[in-house]
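Coordinates in review
The primary structure of each chain is shown beneath.
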Amino acid sequence: MSEQCHKAYITTPIYYVNDIPHIGHAYTTIIADTLAIYSRMAGLETFFLTGTDEHGQKIEEAAKKRGKSPQEYADEISGRFKALWDEFGITYDKFIRTTDPEHKKGVQAAFLKMVEKGDIYKDVYRGHYCISCEAFFTETQLVDGEFCPECGKPTSVVEEESYFFRLSKYQEPLLQWYREHEKCILPKTRRNEVMRFVEGGLEDLSITRTSFDWGVKLPEEMNDPKHVMYVWLDALMNYLTALGYGGDEKLMDFWPARVHLIGKDILRFHAVYWPAFLMSLDLPLPHHVAAHGWWTRNGEKMSKSKGNVINPKEVADAYGLENFRYFMLREVPFGGDGDFSQKALIDRINSDLGNDLGNLLNRLIGMSGKYSAGKISSEKVEEHYTEELAEVHASMEKLEPLLFDMQLHRYLEELWKPLSIANKAIDTYQPWVMMKDGREEQALALLGLIANILAKVAVMLHPVMPRTTEKIAKALGFEIDNAAYVKLVKEGALLDPFTIEKIPPLFPRIEEVRMQEFTPGAPEAEATENKPEKKKEKASEPVEGLITIDQFFETQLKVGTIVEAEEVPKSKKLLLLQVDLGEEKPRQIIAGIKEWYGPTDLVDTQVCVVANLKPAKLMGMLSEGMILAAKDEDGLALIRPEKPKKAGTPIG
Ligand code: MSP
């Protein structure tokens, strides 16, 4: 993405509707959203596209399994993607569905144009097809002569009449594009990978199917109704049809895309097929195809069938949406894989956000209230803090190129440098001492330096944490918009004056893990997974049945003192306990121990409690933890500390 262009067309992949949204989908969408918000703030005319990919054999089969028509099924899942993005406040300008009539019309127009160009011919396809990846493979590409090299699932042998796209014709032009545009594929290592692949030779691509129905039909002019388009031709075209290609083309001046954000799994489609299709359509090629890595769970790919999928809504609900956004972009270098860990997320929130940013703002609010009745002037900042300002500006200047090169983790790392300068300046100069020893001007100028640093950081953090930074701006008495961006970032100027408003802390410290590890069979998954394809657990088991110490400590065990116990009416098994864990009020825990313990046996005794279990309802009552017990053929025994311990003492 280059700063000189005035339009920014930013896309996510369109998501298959055979799966409900998970953390991987959220990751791509959040990166794209960040770029879109930045582009708008920087004054670029921006169009941000996302949507759903609804055709193909995979979807047809998934719908059938659930006894639904493909359209009904696609409507349901597409709706869930849209609802989640809306709930997350994703600022997309259009949500496209490949079942939209305008899209289908556009795909047919493109097909005709390719025919006209002499790039399409009819033949017979013989080979192997992976339904899961919706991709064709030659015999030699298969693993053990049968399995898909991408996903490992069995492929099926296909022999059917098909139209072909002359991909081989574009081998040289594609190589030329890669060579001449160093940043056409990001990160650059991926570009090398694609070049090696294309240098190895390109075969023509089968682009229609006759063995199933759920797809865009060929244009009537082709007079060949048994063919439907190959789902990837259909899907990739969404980037053009969303702008009106083949119909009302009034948005076509957004083309070419600034960046197609994708995962590394679909790089070949975007970096080889897509530019070749575009060349055939005589259209310019995208500025960048940017491929991020994968989020894994315990080092394994997440998938519905493994039951180890992380639900982004659960993470956002537990830890805050914007904290989650920050974490995703900061934690993993763009392009690399990342393992999702709650501990890492909590560390980022407490350390980067809480300590470095939140505390700085709190300190400023506190000091300005005390020393200058909430008014801060920037007049003397340059005079007293020249060096610090120069360092801050040096960092600010590095930011935009990092963002446009998709180095989002480095962008955030660099953005934290001014915060560290500010925090260090407070510790070094100690304004409370300066206020006492007659250096009031320097002390107040220091507040000016801090306020400006916070304002600059808030502006540049805005695309990642839009609402949080608006709160910071409100506390500092300014608004984040293009004018603020130009002044504070582009011109490197200072804001003056600031009127500080006290706000509640933005990042209260998080002490406990707030989500279960993952939730196989969680309600979200159940709704679409009436008949799970496989037993879910197996693949999500930790390597060789072992867990790491970190994983163990994600379970919080504490000593609890039972302060009240009573029977649950109408239940043979349950007791209702109030257990003191050293917190403000006792936890209500429902335990299935009535066969072995009566209420009077329990009061004032101690037990071991799983303290960070997601609350659940049992017989209509909330249970906020679990007590540990061991059961064998002789009955059940509660696990208790050997000596009395203070309520809430951690176990481990
Ligand atoms: N429908 C195609 C894309 C067509 S674009 C013209 C598709 N859809 S998908 O739903 O299977 O995946 C879309 C994207 O989700 C992947 O490219 C990737 O960006 C993201 N991810 C899915 N799982 C992921 C992880 N576990 N981690 C990170 N992102 C991954 O492919």
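Quantities reported herein were computed from a predicted structural model and do not represent experimental measurements. (Residues numbered from 1 in each chain as written. Predicted model: local features only at pLDDT ≥ 70, side-chain atom pairs only at ≥ 80, totals over all residues. Heavy atoms only, no water.)

Attention now goes to the site of the ligand. Lining the immediate environment of the ligand, one finds 23 residues, of which Ile14, Asp53, Gly263, Trp294 and Trp295 sit closest. Glycine 263 places a polar main-chain atom, nitrogen or oxygen, 3.0 Å from an oxygen atom of the ligand. At a separation of 3.3 Å, an oxygen atom of the ligand approaches a polar side-chain atom of aspartate 265. Computed on the free molecule, the ligand has an accessible area of 660 Å², of which 95% lies beneath the protein chains in the complex. Secondary structure elements with two or more residues in the shell around the ligand: strand E2 (15-16), helix H1 (23-41), helix H7 (231-236), helix H8 (238-241) and strand E12 (259-263). (Near = heavy atom within 4 Å. Polar contact = N/O pair within 3.5 Å; in protein donor to acceptor, adjacent residues only side chain to side chain. Areas by Shrake-Rupley, 256 points an atom, 1.4 Å probe, with all protein chains shown as cover. Helix = DSSP H or I, 4+ residues; strand = E, 2+ residues; numbered from the N terminus.)

Right, let's get into the sheet that holds strand E7 (residues 156-165). One open sheet accounts for four strands, arranged E6-E5-E7-E9; its pairing is antiparallel. Unpaired on one side and paired on the other, strand E6 (135-137) and strand E9 (205-206) mark the two borders of the sheet. With two bridges joining them, E7 and E9 adopt antiparallel strand pairing. The residue of E9 that forms the bridge with phenylalanine 165 is leucine 205. Against the sheet, helix H9 (residues 267-280) engages E6, E7 and E9, with an angle of about 30° to E7. (Pairing = 2+ DSSP bridges. Contact = heavy atoms within 4.5 Å. Axes fitted to C-alpha atoms, helices over the stretch in contact; angles between N-to-C directions.)

The subject of this paragraph is the domain arrangement of the protein chain. Domain boundaries in the protein chain define domain 1 (7-292), domain 2 (347-499) and domain 3 (550-651). One C-alpha centre belongs to domain 1, the other to domain 2; they are set 43 Å apart. Summed over both sides, the interface between domain 1 and domain 2 buries roughly 1400 Å², with carbon and sulfur atoms accounting for 73% of that surface. When residues of domain 1 are sorted by the area they lose upon contact with domain 2, Thr34, Tyr38 and Met41 head the list and together hold 48% of the total. Where domain 1 meets domain 2, there are one salt bridge. The residue aspartate 405 makes a salt bridge to lysine 183 at a minimum N-O spacing of 3.0 Å. In this assembly, domain 1 and domain 2 are joined by three residue pairs in polar contact (both at pLDDT 80 or more). (Domains from an automatic or database assignment. Buried area = accessible area lost by both parts, 1.4 Å probe. Salt bridge = Lys/Arg side-chain N within 4 Å of Asp/Glu carboxyl O.)

Let's shift gears to the sheet that holds strand E15 (residues 300-301). Reading across the sheet, the three strands line up as E15-E14-E16 and stay open at both edges, with mixed pairing between neighbours. The open sheet terminates on both sides in strands that have one partner only, identified here as E15 and strand E16 (338-339). Inspection of the sheet shows strand E14 (residues 295-297) paired to E15 by two bridges, in the antiparallel sense. Looking across to E15, one finds that arginine 297 is bridged to glutamate 300.

At glycine 354, helix H12 (residues 342-372) shows its maximal bend, which comes to roughly 45°. Two to three positions downstream of the cap, the backbone nitrogen of lysine 343 sits 3.2 Å from a side-chain oxygen, assigning the N-cap of H12 to serine 341. Two residues or fewer past H12, alanine 373 is found with a positive phi of approximately 50°. (Bend = angle between axes of the 7 residues up to and from the residue.)

Next up on the list: the nonpolar core. In this structure, Tyr178 and Trp255 are the most contacted members of the largest nonpolar core, which totals 200 residues. If you tally residues by element for this core, the top one is helix H17 (residues 440-461), at 15 residues. Counting contributing residues, this core receives three or more from each of domain 1 (7-292) and domain 2 (347-499). Apart from residues lying up to four places away in sequence, tryptophan 255 is in contact with Tyr9, Tyr239, Leu240, Leu243, His260, Trp274, Leu278, Leu283, Pro284 and Pro286. Counting residues in hydrophobic clusters, the runner-up holds 17 residues, among them Val579, Ala611, Leu636 and Leu638. (Core = buried A, V, L, I, M, F, W, Y, C linked by side-chain atoms within 4.5 Å. Buried < 20%, exposed > 50% of the residue type's maximum accessible area, 1.4 Å probe, protein only.)

So, about the packing of aromatic side chains. Inspection of the entire model under this criterion finds 28 aromatic pairs. The interplanar angle of 85° and the centroid separation of 5.4 Å between the aromatic rings of phenylalanine 269 and tyrosine 273 together place this pair among those described as edge-to-face. Of this pair, phenylalanine 269 and tyrosine 273 are both found in helix H9, four residues apart, which corresponds to roughly one turn of the helix. Residue phenylalanine 269 is classed as buried on the basis of its relative accessible area of 6%. (Phe/Tyr/Trp six-rings, centres within 6.5 Å; stacked < 30°, edge-to-face > 60°.)

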